[in-house]
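Observations on chain architecture
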Amino acid sequence: MISVLVVDAQPLQRFGFRMLLESTPDIKMVGEAENGAEAVRWTTELHPDVVLMDIRMPGVDGIEATRRIVAAGGRSRILLLTTFDVDRYALAALRAGASGFLLKDIRPEELLAGIRAVAAGEAVIAPALTRRLLDAFTDRLGEDLCGTVRKDPRLDSLTGREREILVAIGHGLTNGEIAQRFTLAESTVKTHVGRVLAKIGARDRIQAVILAYDLRLTRPI
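Analysis parameters
- Residues numbered from 1 in each chain as written.
- Predicted model: local features only at pLDDT ≥ 70, side-chain atom pairs only at ≥ 80, totals over all residues.
- Heavy atoms only, no water.
- Helix = DSSP H or I, 4+ residues; strand = E, 2+ residues; numbered from the N terminus.
- Buried < 20%, exposed > 50% of the residue type's maximum accessible area, 1.4 Å probe, protein only.
- Contact = heavy atoms within 4.5 Å.
- Areas by Shrake-Rupley, 256 points an atom, 1.4 Å probe, with all protein chains shown as cover.
- Salt bridge = Lys/Arg side-chain N within 4 Å of Asp/Glu carboxyl O.
- 1 Å grid on protein atoms, 1.4 Å probe; cavity = no way out; pocket = protein on both sides within 12 Å on 5 of 7 lines; lining within 4 Å.
- Points joined across faces, edges and corners; volume = space filled by probe spheres on them.
- Nonpolar A, V, L, I, M, F, W, Y, C, P; charged D, E, K, R; others polar.
- Axes fitted to C-alpha atoms, helices over the stretch in contact; angles between N-to-C directions.
- Parallel < 35°, antiparallel > 145°, perpendicular 65-115°, else oblique.
- Pairing = 2+ DSSP bridges.

1. Notes on the overall build of the chain
When you go through the chain residue by residue, the secondary structure sums to 11 helices and five strands. When each of the 221 residues of the chain is scored for burial, the buried share is 48%. Taking the intrachain contacts of the chain between residues at least 6 apart in sequence as the baseline, contacts between residues at least 24 apart amount to 68%. Accessible surface, the chain as shown: approximately 10600 Å² in total, 53% of it carbon and sulfur.

Structure follows, in structure tokens:
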């Protein structure tokens, strides 16, 4: 059973989520909050598997709430929701440690699939969407993407192959596409990806993509 905390400033939106989740056998809504401060408090008390978090809320918004929840070191994973295709706050929230980014108007089955994926430790933004999102936010990354690769001890821990895999992840390639590029079995790629994420301290592929951009391993294409 996947436990979910719903965080949204709009009562009708929370009601809609509640109706959907309560009708889903493998997902249980354990609480709801109307702002980020409540989200942090309830996450600490309830330890939900997934926090379904709106970005735009009065007071403590979804970005700051995400940052606080992740910094606390708990197991709860954050799935962000927004009403806009390219929300200007999304990248900041993903950098804060969120595990996914979805639109509020997606189909119910897609939202449920996203919750299940995040609960299983996956990222819910497909690689191609991840690349488009980051490209759209290039002017907001706050980094000079045209410079040389930045030095970072996390890169030093990677083997040559693992560094190539990180670059490929940064380009938004799927495991199958990486396997084809390097003539590897997909199972081998999956093992490499797992090691890369562990060595760089990334919770999922999204965090790996952001690191690749930050360290200039990847540039918009």
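Further notes follow.
2. Here's the deal with the pattern of salt bridges
Applying the stated rule across the entire model yields 10 salt bridges. For the salt bridge of Glu 32 with Arg 14, the shortest nitrogen-to-oxygen distance reads 2.9 Å. Residue Glu 32 is located in strand E2 (residues 27-33), and its partner Arg 14 is located in helix H1 (residues 11-22); the two are separated by 18 residues in the primary sequence. Classification of Glu 32 by relative accessible area gives partly exposed; the value is 27%. Where Arg 75 meets Asp 49, a salt bridge forms, and the shortest distance between an N and an O atom there is 2.2 Å. Here Arg 75 is found in the loop between helix H3 (62-71) and strand E4 (77-82), whereas its partner Asp 49 is found in the loop between helix H2 (36-46) and strand E3 (50-54), with 26 residues between them in sequence. Beyond isolated ion pairs, a larger network of salt bridges with shared partners links Arg 14, Arg 18 and Glu 32.

3. Brief notes about the environment of Leu 215
Here Leu 215 lies in the segment after helix H11 (205-214). Exposure remark for Leu 215: the relative accessible area of 6% places this residue in the buried category. Spatially, the C-alpha atom of Leu 215 lies 7.7 Å from that of Asp 152, the residues being 63 residues apart in sequence.

4. Some words on the layout of surface pockets
In this structure, the second largest pocket encloses a volume near 230 Å³. Lining the second largest pocket are 12 residues, with Gly 121, Glu 122, Ala 123, Asn 175 and Arg 205 positioned closest to its centre. Tallied by class, the residues present in the lining of the second largest pocket amount to five nonpolar, three polar and four charged.

5. Some words on the packing of helix H8 (residues 160-170) against H11
Contact pair H8 / H11: the axes reach a minimum separation of 8 Å and the direction vectors enclose 100°. Considering their axes alone, H8 and H11 lie roughly perpendicular with respect to each other. Residues Leu 166, Ile 169 and Gly 170 of H8 lie in contact with H11, whose contacting residues are Arg 205, Ala 208, Val 209, Ala 212 and Tyr 213. Residues that form the contact of H8 with H11 fall into these classes: six nonpolar, one polar and one charged.

6. So, unusual backbone geometry
One non-glycine residue with positive phi stands out, namely His 47, at about 50°. Within the element layout of this structure, His 47 appears in the loop between H2 and E3. Accessibility expressed as a relative area gives 44% for His 47, which makes it partly exposed. One non-glycine residue, Thr 183, lies in positive phi territory at about 55°. One can find Thr 183 in the loop between helix H9 (175-182) and helix H10 (186-200). Judged by its relative accessible area of 70%, Thr 183 falls in the exposed class.

7. Here's the deal with the pairing of E2
The pairing of strand E1 (residues 2-7) with E2 spans six bridges and is classified as parallel. Paired with Val 4 across the bridge in E2 is Met 29.

8. Examining the sheet that holds strand E5 (residues 100-103)
Ordered in space as E2-E1-E3-E4-E5, the five strands form an open sheet in which the pairing is parallel. Of all the strands in the sheet, the pair left with one neighbour each is E2 and E5. Averaged over all neighbouring strand pairs, the angle between strand axes comes to 25°, with direction disregarded. Of the pairings in the sheet, the one linking E4 to E5 comprises four bridges and is parallel in character. Counted as the bridge partner of Leu 79 is Gly 100 from E5. Each of E3 and E4 touches H3; the most contacted strand, E3, lies at about 155° to it.

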